[in-house]
Structure formats: structure tokens, C-alpha cells
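Chain by chain, the residues:
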Amino acid sequence: MDLGNNMNFLVPIFYFIFGGLAVLYYKRKGAPKTPEDVVDNILKDAFKGTEKDSHKEAELVRALYQNENFIKDLSLTAKYKGKTVGYILFTKIKINEEELLALGPVGVMRRFQKKGVGKSLITQGQQLAKKKGFKGVFVAGDPNLFKKFGYKPASEFGIKAPFEIPDENFMGIELVPGAFDGISGTLEYPQEFLDFMKN
Ligand SMILES: CC(C)(COP(=O)(O)OP(=O)(O)OC[C@H]1O[C@@H](n2cnc3c(N)ncnc32)[C@H](O)[C@@H]1OP(=O)(O)O)[C@@H](O)C(=O)NCCC(=O)NCCS
């Protein structure tokens, strides 16, 4: 009996079984996620069930990655018990040649809300922005949320949004006292934001 030939016959069977198992394992675990996918998932979950279309926020961030005003170091995630559950983005905006920041979106996965994650994203994000030399931040959002962090209606500073928004929903904060002194007019936002605000 020629044992060598019998073993050759088993080789394809071996590959078939182990190849199949590898494919099953890959499908079960899912394809590896990129950092962009992780951010997508957080925002889609955070905004689910809110008045905004959840996917729109994730699409805005995807579009902003390509924009010259995107700042990688101010695109921040937050972990809770080792799991990445929150995200915040600060993007460069301009007024009278002064570079400021737009906050948004900020989102925390629903299961992990009301645990202080959003607060640390906003406050630590602002501290980091200040360290990088930015003097102020503007946001389009819920005044009940943002006034907790010291935001005031932008109209109090004589500064306007370049899109239609109720006065109380467009707010600013000076990271450096007096930062908005002598500044007035309409902010310049990346086109992606303007398109987002139209929808
Ligand atoms: C808004 C959001 C980011 C807050 O994150 P969070 O981790 O739940 O918030 P925190 O636990 O850190 O709470 C921070 C403070 O904000 C308050 N707060 C949280 N969500 C709020 C809301 N929707 N409206 C008003 N206040 C809110 C908390 O009561 C807390 O106040 P306190 O310090 O006086 O107790 C989160 O709830 C979320 O992702 N919501 C859906 C997406 C969204 O609406 N994003 C903002 C759009 S601009």
C-alpha cells in the first residue's frame, strides 16, 4: 500500500474544512472596523430616535474628513469602561480672518448617556482647543444643553450664523476672556455644514 499517495488525497479536504471554518469565523466576528466606522456607529446610535436623521450627522463627519478645515487632533472619541462610546468634532471656521471653531456633532451612544461622557468630551475638547490657540467656539444646538457649559446666544456677541437658525439655538463661548471683543459679522463655515443645515 502506498501511504504517500493516500496523504496527498487528504490535502484538499484539509484545506476545504479549515478554509470553510476561517470564512465562518470571519463572518461571525465581522470585518475589522476602521476608526471612521467606529465614529459612524457612535453617531448613528446617539442620534437614533431624536428629531434629527441619525445618518445625516455621520455623513457630515465623513464629508468633513476631506475638508481643509478638519482638524485631526480635535476629532475626539471617548471611552467608557474600555468601550468607545462618544465622539465630538471641532472644525475650523472664520470671521474677519480670525480662526475660530464650530463644535459638532457631539454624540454619546444611548446606553451610555447621562454618565458624564458628553460633559468630558465638551469640556476636555474645549481645553485642548484652547491649548492649540483657538479662542472661541460656536455651536448650533440645544440651549438647555450648551448653556450648562457656558455658551451664550451668538447674537450677544454681535456674531451671526451663515445659515437660518433661531437666535437661541446658535451659541458661542469665549475660550479666552474677551476673545470676541471687536469681532462682529457673519461666520464662514465649510460648505458641508451649510448643506447639512439646509436639510
Ligand atoms: C447630548 C449628549 C451628547 C450628552 O451626553 P451625555 O453623556 O448624555 O451627557 P452627560 O452625562 O455628560 O451630561 C452633561 C450635562 O448635560 C445634561 N444633558 C445631557 N443631555 C442633555 C440634553 N439632551 N438636553 C439638556 N441637557 C442635557 C446632563 O443633565 C448634564 O447636566 P448636569 O451636569 O447639570 O447634570 C448625548 O445625550 C447625546 O448624544 N444625545 C443625542 C445627540 C445630541 O443631541 N447631540 C447634541 C446635538 S448638538
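Residues numbered from 1 in each chain as written. Predicted model: local features only at pLDDT ≥ 70, side-chain atom pairs only at ≥ 80, totals over all residues. Heavy atoms only, no water.

A. Layout of the pairing of strand E2 (residues 83–95). The sheet contact formed by strand E1 (residues 70–80) and E2 spans 7 bridges and is antiparallel. By the bridge assignment, Phe70 is partnered in E2 with Thr91. Here E1 folds back onto E2 in antiparallel fashion, the turn holding 2 residues, of which Lys81 has a positive phi close to 50°. With antiparallel pairing between neighbouring strands as the criterion, E2 and strand E3 (residues 98–108) make up a hairpin whose turn holds 2 residues, including Asn96 at a positive phi of roughly 45°. (Pairing = 2+ DSSP bridges. Helix = DSSP H or I, 4+ residues; strand = E, 2+ residues; numbered from the N terminus.)

B. Seen up close, the pairing of E3. Of all 11 residues that make up E3, 9 are buried, and the element is covered over most of its length. As defined by bridge partners, E2 adjoins E3 across 9 bridges and the pair is classed as antiparallel. If you follow Ile88 over to E3, its bridge partner there is Val106. Two strands pair when backbone bridges link them, and E3 and strand E4 (residues 136–140) are joined in this way by 3 bridges, in the parallel orientation. Its bridge partner being in E4, Ala102 is matched across the sheet by Phe138. One crossover worth recording links E3 to the parallel E4 by way of helix H4 (residues 117–131), and it is right-handed. (Buried < 20%, exposed > 50% of the residue type's maximum accessible area, 1.4 Å probe, protein only. Right-handed = clockwise from strand over helix to strand, strands pointing away.)

C. A look at the environment of Gly178. Structurally, Gly178 can be placed in the loop between strand E7 (170–174) and strand E8 (185–186). Gly178 gets classed as partly exposed once you look at its relative accessible area, which sits at 29%. A sequence separation of 43 residues divides Gly178 from Lys135, and the C-alpha atoms of the two residues are 9.1 Å apart.

D. Spotlight on a negative patch on the surface. A cluster of acidic side chains, namely Glu51, Asp142, Glu156, Asp167 and Glu168, defines a negative patch on the protein surface. Its place among the elements puts Glu168 in the loop between strand E6 (159–160) and E7. (Patch = residues over 30% accessible without salt bridge, like charges linked within 9 Å, V, L, I, M, F, W, Y side chains within 5 Å. Areas by Shrake-Rupley, 256 points an atom, 1.4 Å probe, with all protein chains shown as cover. Salt bridge = Lys/Arg side-chain N within 4 Å of Asp/Glu carboxyl O. Lys, Arg positive; Asp, Glu negative; His and termini not counted. Charge placed at Lys NZ, Arg CZ, Asp CG, Glu CD.)

E. Layout of the site of the ligand. By nearness alone, 18 residues border the ligand, and Val108, Lys114, Gly116, Gly118 and Lys119 come closest of all. At a separation of 2.9 Å, a nitrogen atom of the ligand approaches a polar backbone atom of Val106. Val108 is positioned with one of its backbone polar atoms (N or O) 2.7 Å from an oxygen atom of the ligand. Starting from 890 Å² of accessible surface for the ligand in isolation, the protein chains cover 74%. In a pocket analysis with a 2 Å cut-off to the grid points, the ligand is assigned to the largest pocket. Listing elements by their share of the shell around the ligand, those giving two or more residues are helix H2 (35–47), E3, H4 and helix H5 (143–146). Split into classes, the residues belonging to the shell around the ligand amount to 7 nonpolar, 5 polar and 6 charged. (Near = heavy atom within 4 Å. Polar contact = N/O pair within 3.5 Å; in protein donor to acceptor, adjacent residues only side chain to side chain. 1 Å grid on protein atoms, 1.4 Å probe; cavity = no way out; pocket = protein on both sides within 12 Å on 5 of 7 lines; lining within 4 Å. Sits in = over half its atoms within 2 Å of the grid points. Nonpolar A, V, L, I, M, F, W, Y, C, P; charged D, E, K, R; others polar.)

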